[in-house]
Amino acid sequence: MWLDKSNIETLYAPKKRNYKKEIFEAIKKFAINIAKKQSGFRKESRKILLESRKKSYDEIRGKIKTDPKVILFSTFDGRSYGDSPKAIYEYMLSQEKFEDYTFVWAFRNPKQFTFVLDNPNTYIVTVNTKDYEIAAATAKYWIYNYRMSDHIYPKDDQVYIQLWHGTPLKRLGYDINISDNAMNSKSEIREKYKVDASKFKYILAPSHFAAEKFISAWNLKAIGRTDTVLELGYPRNDFLTNYTKQDVENIVAELELPKDKKYILYAPTWRDNQHQAGIGYTYKTEVDFDKLKNALGDEYIILFRAHYLVANSFDFDKYKGFVYDVSKVNDINHLYVISDLLVTDYSSVFFDYANLKRPEIFYMYDLEAYGSEIRGFYIDLDELPGPIVQTEDELIKAIKNAETDRSYDEKYKAFNAKFNYLDDGKAAQRVTEAIIEE
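Note that the coordinates shown come from a computational prediction; the quantities given were computed from them, not determined experimentally.

Further remarks concern the packing of helix α3 (residues 83–93) against helix α15 (residues 427–435). With their axes 9 Å apart at the nearest point, α3 and α15 run at an angle of 80° to one another. One finds that α3 runs roughly perpendicular with respect to α15. Here α3 contributes Ala87, Ile88, Tyr91 and Met92 to the contact with α15, which in turn contributes Ala428, Gln429, Val431, Thr432 and Glu433. Tallied by class, the residues present in the contact of α3 with α15 amount to 6 nonpolar, 2 polar and 1 charged.

Below, the structure written as structure tokens:
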């Protein structure tokens, strides 16, 4: 049952305690702990689960005819409503040619996203349910910015578009040559990318640089699929060109932020080696917020944005009025346009933020370990459009200097010329015209 305005009350119906689910989650947590330590157990259990799920999906897929005017959207595996899938969806809503199309959004927690049902042609499904699989079997187009579930394969007449979710600084897929992460060996990571590459018809690149890295990360040259890459720019970045002063005022008001302070967006990435069974990937904030508050609190507030894969929560009550947890804001673009400067580490957010030509600071307190032991980088860090700092004293100094040195210098210009030259506010239109078959 796809959720729409007529049956949305099922989301809010009181739920009885589900003992079977609680037992399943306990067993799952136990199994994950074993899987982290025993790669043989992990691989075999995943193989059994994949075969079972694939058999179940094949039965559904075989009974359902593809509808050429149904489009399935998902952002970060159902975690949010944003990024390029959102941009393409909203572009389609503005075009008369899509008035008779049906749009389906897949979410992990549909209760948070019922606003999409304001459009009468839009429905919601919950990720990893039978309704989700029915939607996947029905939709002509799958528009994703993250990997599709391994057990779900497109039919010959279906089009899977892999939009991905960022220009890569960190190595991906087949290019990771340093270490395993908490839940996958290098061979397992490569297998996941191999499966994804066998399924998508297109993979979107925001630049020629990114296209080259995607080809190597998904091993596309080896399998003769380099023609799947579309160098058309990221639709999500259209907003960074087209936003208005009113948009900024509305976002600040919605987030209830003080208007007499400057905003620092702090957006660190996740660490491959930090994982807790039953929770997922976690992140420890390696920042002394007391020190930052004493040095910067009179002028600034911090908007803390955790990576979408980070599952743990953060308690900033001690820093109320100085640190605002904005991790659950769906569209990070809204945080970009209201912030005065960005502090990040290895997250790809700095590529997009550079479109705004505002100061960027790279707080890489674990640079040596991250670069040599965890992931490795695609670009020379000398290309970054801002200073690298490794201590809190250096961070504070860099933030204060950003106020006096806000120049859009030659290094910053060269960065945008290499990585952001396709961000002209029209990428959603270009991508839609390229992927939708007439």
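From this point, the narrative continues.
What follows covers unusual backbone geometry. One non-glycine residue, aspartate 83, adopts positive backbone phi at about 60°. By relative accessible area, which is 12% here, aspartate 83 ends up buried. Within the chain, asparagine 219 stands out as a residue other than glycine whose phi angle is a positive 55°. Structurally, asparagine 219 is set in the loop between α6 (208–217) and β7 (229–231). Given a relative accessible area of 25%, asparagine 219 falls into the partly exposed group.

With that settled, the discussion passes to the packing of helix α9 (residues 289–296) against helix α13 (residues 392–404). Close contact between α9 and α13 brings their axes to 11 Å; oriented N to C, the two are set at 30°. Regarding the angle of α9 to α13, the classification is roughly parallel. Once α9 is placed against α13, the crossing between them reads as right-handed. For the pair α9 and α13, contact is made by Lys291, Leu292, Ala295 and Leu296 and by Glu392, Asp393, Leu395, Ile396, Ile399 and Lys400, respectively. Split by residue class, the contact of α9 with α13 holds 6 nonpolar, no polar and 4 charged.

Quick look at the pattern of salt bridges now. All told, the structure shown has 14 salt bridges when counted by the stated rule. Close ionic contact of lysine 5 with aspartate 118 constitutes a salt bridge, the shortest N to O distance being 3.1 Å. Here aspartate 118 lies in the loop between β2 (102–107) and β3 (122–126) and lysine 5 lies in the segment before α1 (19–37), a separation of 113 residues in the sequence. Across the pair lysine 291 and aspartate 393 runs a salt bridge, and its minimum N-O distance is 2.7 Å. With lysine 291 in helix α9 and aspartate 393 in helix α13, this pair connects stretches of sequence that are 102 residues apart. Salt bridges linked by common partners bring Asp83, Arg236 and Asp352 together as one network.

Rules used in this analysis
- Residues numbered from 1 in each chain as written.
- Predicted model: local features only at pLDDT ≥ 70, side-chain atom pairs only at ≥ 80, totals over all residues.
- Heavy atoms only, no water.
- Axes fitted to C-alpha atoms, helices over the stretch in contact; angles between N-to-C directions.
- Helix = DSSP H or I, 4+ residues; strand = E, 2+ residues; numbered from the N terminus.
- Parallel < 35°, antiparallel > 145°, perpendicular 65-115°, else oblique.
- Contact = heavy atoms within 4.5 Å.
- Nonpolar A, V, L, I, M, F, W, Y, C, P; charged D, E, K, R; others polar.
- Buried < 20%, exposed > 50% of the residue type's maximum accessible area, 1.4 Å probe, protein only.
- Left-handed = near helix turned anticlockwise from the far one by under 90°.
- Salt bridge = Lys/Arg side-chain N within 4 Å of Asp/Glu carboxyl O.

These figures come from the coordinates and say nothing about function on their own.
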